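Results of the structural survey
Next come the chains, spelled out residue by residue.
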Amino acid sequence: GIIVMKRFWMIYMIVLMSSVTMAQAGMDWDGKKDGRGKEKREMMMMFRLTEELNLTSEQGEKFFPRFREHRKAMDKIRVEMKSSGESIKIKLEKNETLDKGDIKKAVNQIRNSKKAQADLEAEFVLDMGKVLSPEQQAKLAMFKHKMVKDIRKQMKGRHDRDGKKQNRNKRNRW
């Protein structure tokens, strides 16, 4: 009873804080700002993490500020990785000749960025041992993989439904 109530209030506060943040940023619930739904995705991830890790309100208060810092660091690496391949992309679009040095440099930069991401992820999960139980740490370590798998499953379900509708419509036309 009390634990369920605490979890409800924690989730309620996360949603409320996210709503205030989105309102201040001039966003609606579809995340319509700059064509992105970053805040909506963040809120959904926080909600799913709260559920998946079975966080107490005390743990949530310590976990989420660190999680936000972690996400910012990961975003920074993502931006670096994207810029690593940008010169090659531009040359390809302009049908310019690529040399092996450019490719090697870009591939090495991307590899180093991916290694930095993996190191940062491992460091974050291990550091959360100060806040989370070993079981929660294990769930956190597997969370990203599980969430991506769930999203792919949802997307595949939508694609199949849309595909079936399209096929049905084509048959009806003829």
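Here's a quick rundown of the structure. No experiment lies behind these values; they were computed from the predicted model shown. The residue numbering used here restarts from 1 in each chain and proceeds along that chain's sequence as written. Selection of residues for local features in this predicted model requires a pLDDT of at least 70, selection of side-chain atom pairs for listing and counting requires 80 or more, and totals for whole chains, interfaces and linings are taken over all residues. Values reported for side chains reflect all heavy atoms of the structure, with hydrogen atoms and water molecules removed beforehand.

A look at the nonpolar core
Rules: By nonpolar core is meant a set of buried Ala, Val, Leu, Ile, Met, Phe, Trp, Tyr and Cys residues that side-chain atoms within 4.5 Å join together. Relative accessibility decides the category of a residue: with a 1.4 Å probe and only protein chains considered, values under 20% of the type maximum give buried, values over 50% give exposed, and everything between is partly exposed. The numbering of helices and of strands both runs from the N terminus, where a helix is a DSSP run of H or I of at least 4 residues and a strand a run of E of at least 2. We call two residues contacting when some pair of their heavy atoms lies within 4.5 Å.
L49, L53, F63, F64, F67, L132 and L140 are the most contacted members of the largest nonpolar core, which totals 16 residues. At the level of elements, α2 (38–53), α3 (57–84), α5 (100–127) and α6 (134–173) are the ones that each hand at least two residues to this core. Considering every element that reaches this core, the biggest residue donor is α2, with four residues. Among all residues touching F63, those that are not within four sequence positions of it are L49, L53, L55, F124, M128, V131, L132 and L140.

Some remarks on the side chain of H70
Mapping H70 onto the fold places it in helix α3. Excluding residues within four positions of it along the chain, H70 makes contact with L120, E121 and F124.

What to know about the packing of aromatic side chains
Inclusion rule: Stacked, edge-to-face and tilted labels apply to pairs of Phe, Tyr and Trp rings (six-membered ring for Trp) whose centres lie within 6.5 Å, assigned for plane angles under 30 degrees, over 60, and everything in between, in that order.
Across all of its chains, the model carries five aromatic pairs by this definition. Plain terms: the ring middles of F63 and F124 are 5.9 Å apart, the flat faces sit at 50 degrees to each other, and that makes the pair tilted. Of this pair, F63 sits in helix α3 while F124 sits in helix α5, and the two are 61 residues apart along the sequence. Taken individually, F63 and F124 each receive the classification buried, so the pair is uniform in this respect. Seen from their ring centres, F64 and F67 are 6.3 Å apart, and the 90 degrees between their planes marks the pair as edge-to-face.

Some details on the layout of surface pockets
Stated precisely, the cut-off is as follows: Throughout, the protein atoms alone are placed on a 1 Å grid, and a set of points is a cavity if a 1.4 Å probe fits but cannot get out or a pocket if it is open with protein on both sides within 12 Å along at least five of seven lines; lining residues have an atom within 4 Å of a point. Grid points are joined across faces, edges and corners, and a volume is the space filled by probe spheres set on the points.
Within this model, the largest pocket holds a volume of roughly 940 Å³. Taken together, 28 residues make up the lining of the largest pocket; nearest its centre are R41, M45, R71, M147 and I151. Counting residues per element, the lining of the largest pocket draws most heavily on α6, at nine residues.

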